[in-house]
Amino acid sequence: MPIFVQDDKKQFHLQGKDVSYIFSVLPNGELGHMYFGKKISHRKDFSHLLQLPKEPLGNATFAFEGDSTFSLEFVKREYPSYGTGDYREPAFHFVYEDGSRVTRLQYDHFKRLNGKPSLQGLPAVYVEDENEAETLIITMRDPYTNVCVELSYTVYARYNAIIRSARITNEGKKPIIMDRALSASVDFPHANFDWIHLDGAWIKERHIACDRLSKGFQSVNSKRGVSSSLHNPFIALKERDANEHCGIVYGFSLVYSGNFLAGVEVDHYDMARVLMGINPFDFSWKLEEKESFQTPEVVMVFSDEGLNGMSQTYHELYVNRLVRGKWRQSERPILINNWEATYFNFTESKLMEIVEEASKLGIELFALDDGWFEGRHNDTTSLGDWIADKTKLPEGVKGFGQKVEQNGLQFGIWVEPEMISKKSMLFEKHPDWVLGVQTGPLSHGRNQYMLDLTKEPVQSFIIDTLSQLLSDAPIRYVKWDMNRNMSEIGTDYLDATRQGEVAHRYVLGLYAVLDELTKRFPNVLFESCASGGNRFDPGMLYYMPQTWTSDNTDAIERLKIQYGTSLVYPLSTMGAHVSAVPNHQTRRITPLETRFHVAMFGVFGYELDVTKLPAEEKAKVKNQVAFYKENRKLIQFGRFYRLLSPFEQNDTAWMVVSPDRQEAIVAFYRTLAKPNPGLVQLKLVGLDESKFYRVEELNAVYKGDELMHAGITLPAIYNGTVYSDSSFLAGDFQSVIWKLSVVEEGS
Ligand code: DGJ
């Protein structure tokens, strides 16, 4: 994974597993981009890759007197500014004391480090051994304004990823206002790409959108204070002929949980510029003398094995080097959550009935959701008062938790610590802890307000209250919820010149709280949630290894949600539950088997009143739980492949293969029944061509190469029963899974 530095030419070549990233110092002293893509051999001179114009350009602005060829808008740049002849979207924009907005960064020096330094106060991918990765830090300075920019590039030996961030320091005496400080910018020499983004809304998060790049600036962003369910902090550029299995794809994923911008500008020379970082809208940051600002990092992935190749790099990198602690590689328990079973309306004896039944079914953890604390009988009240409501839990959280444990289940609890209700003891005591400009009415979301996490006393309150709760009761799992977006953003904690910092400072405050709590309680499994998937991003995964994927538990809607989510996020991060029918979000009725076949491709659980299931369904649930336990390691930590997309057709398919390719599970889903259907030949991927696999459900043995090139003929599915006769499919919302295991030839 070397980083080559050609000092005489000022050229830098980062080589990862199968990726190269090359740039150099330009004639005007700043950095020019040369290449990002498939690994190429190192050469002593890559000057030809700069592609500088040889002929004079028309209607352009030039850097050097007497020269009409070197124009910054024609050049591929590494961290572009505005104001010196490049009219594309810039990576940064600073305002100086004298009113000037012009920055002329000049290369100063480089530093090469083994490993990867952490980012102060921010989540980031990491190394466990200095030899896993190398980092190049390029320092640039503007001699006129005394601003210093350090660009950081990390490359790993095992991954096709380049990780970038920027650190800006005021080395002068007068303050600098930054109103844009993005994390990275990459210029591509052409724009023959589709761009992919994950769009959605509440209960339909991370649907795949794929559009042709067109001239101008196309972007997704969040202004909600959270990364949001409307757009995820991720985009990809895909060459037109690339698909799930082959072709060139570039992914860009921002390790951040707040307002972001991710965009691509196609200019008049048909070059494409990708930009990513904190959303400059409503952002400004004052840097006093000697102060620095660290941007979040962008994980840029290259794949020439299509979208699956890109996703697998993200999955492996995020499972192994973003998620931390005990739960990183530990199998996650099968839980049952009472939210859709009871909502706010429960008593301890009702919960215990669920616990007892769940215990008989083999479920491992009971998660007590919203409604357990003082006066919380609906969503208008009590957020901030994290003590048990004795009318529901007479012996408190501790007493209830112990009863759960006595039934052989672990105990977990729901909290929403970033919030405050006006009807609460906390609000009576600290009305000034509410986030927002207090000189007028504040908007609410779900009847609640946000705590001002820019304030240190608020951070301490959350840490202390949660620490007490987690120390008092036998809590093994925490669902950390967050059910509104930011509004009237402002704080009396900062002076007028710093109000543009509030949204980002909130996120930094949240990260500080999470850092402390996860350090204090390393054995607790934390799951983040924000009205489902309103904050499903790599930033949260650094602190909490899994996220509640969506409030939509309908199996058919989940096909799209989980398929889209898997573009970046591994199965071990996606909470997925079987819930009751008719489904509470869509009123759709789907077979129990289909609900299981969808939810089992994630961190699995149930979210329904198991006491109400008929005996025959209880028996099925017991089998599902046993099947998941038996295959949990394969599912949570195997290699995931998407096969058929629900965004393109009526059928969906995906599979997961164990790292040694000895085992796999394949799933096929048909949304609507087809009359008189033809056969489906499903070609599998990722298996060992030379091995024989027994397909348990079909009681047949196939060779790996057959399964991958000829495929399996889809059997008919009726009510979850698999028929080998393929002449019909009956009923909507059907699914089938196949478990494959390597066997000796002929066995
Ligand atoms: C929103 C979450 O996404 C739900 O799962 C549930 O925990 C509710 N909040 C509880 O208020």
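Criteria and cut-off values
Residues numbered from 1 in each chain as written. Predicted model: local features only at pLDDT ≥ 70, side-chain atom pairs only at ≥ 80, totals over all residues. Heavy atoms only, no water. Near = heavy atom within 4 Å. Polar contact = N/O pair within 3.5 Å; in protein donor to acceptor, adjacent residues only side chain to side chain. Areas by Shrake-Rupley, 256 points an atom, 1.4 Å probe, with all protein chains shown as cover. Nonpolar A, V, L, I, M, F, W, Y, C, P; charged D, E, K, R; others polar. Pairing = 2+ DSSP bridges. Helix = DSSP H or I, 4+ residues; strand = E, 2+ residues; numbered from the N terminus. Axes fitted to C-alpha atoms, helices over the stretch in contact; angles between N-to-C directions. Expected span 1.5 Å × (residues − 1). Buried < 20%, exposed > 50% of the residue type's maximum accessible area, 1.4 Å probe, protein only. Salt bridge = Lys/Arg side-chain N within 4 Å of Asp/Glu carboxyl O.

Trainee: Give a detailed account of the site of the ligand, specifying residues and quantitative values.
Mentor: Close to the ligand lie 13 residues, the nearest being Asp-369, Asp-370, Lys-479, Asp-481 and Asp-551. Residue Asp-370 places a side-chain N or O atom 2.6 Å away from an oxygen atom belonging to the ligand. Interatomic distance of 3.4 Å between a side-chain N/O atom of Asn-483 and a nitrogen atom of the ligand. Here the ligand has 290 Å² of accessible area as a free molecule, and 98% of this is covered by the chains. Grouping the constituent residues of the shell around the ligand by class yields four nonpolar, three polar and six charged.

Trainee: Run through the sheet that holds strand β11 (residues 184-188), naming residues and quoting values.
Mentor: In spatial order, the strands read β11-β18-β17-β14; together these four strands make up an open sheet with antiparallel pairing. Every other strand in the sheet has two partners, leaving β11 and β14 (216-221) as the edge strands with one partner each. Strand-to-strand twist of the sheet, defined as the mean angle between neighbouring strand axes without regard to direction, takes the value 15°.

Trainee: For helix α3 (residues 348-361), give the residues involved together with the corresponding values.
Mentor: Given 3.6 residues per turn, any residue in an α-helix points the same way as the ones three and four places further on. Between the first and last C-alpha of α3 there are 20 Å, a value that for 14 residues agrees with the 20 Å anticipated at 1.5 Å per step. Regarding α3, the residues found buried are Glu-348, Leu-351, Met-352, Ile-354, Val-355, Glu-357, Ala-358 and Leu-361. Positive backbone phi, at 95°, marks Gly-362, one or two positions downstream of α3.

Trainee: Could you give me a rundown of the pattern of salt bridges, with the residues and numbers involved?
Mentor: As enumerated under the stated definition, the model contains 55 salt bridges in all. The salt bridge partner of Asp-187 is Arg-273, with a shortest N-O separation of 2.7 Å. One end of the pair, Asp-187, is in strand β11; the other, Arg-273, is in strand β18 (residues 272-278), and 86 residues separate them in sequence. By relative accessible area, which is 0% here, Asp-187 ends up buried. The partner of Glu-289 in a salt bridge is Lys-290, with the nearest N and O atoms 3.6 Å apart. By relative accessible area, Lys-290 is classed as exposed at 66%. One salt-bridge network, in which partners are shared between bridges, spans Glu-30, Arg-77, Asp-86, Arg-88, Asp-187, Asp-267 and Arg-273.

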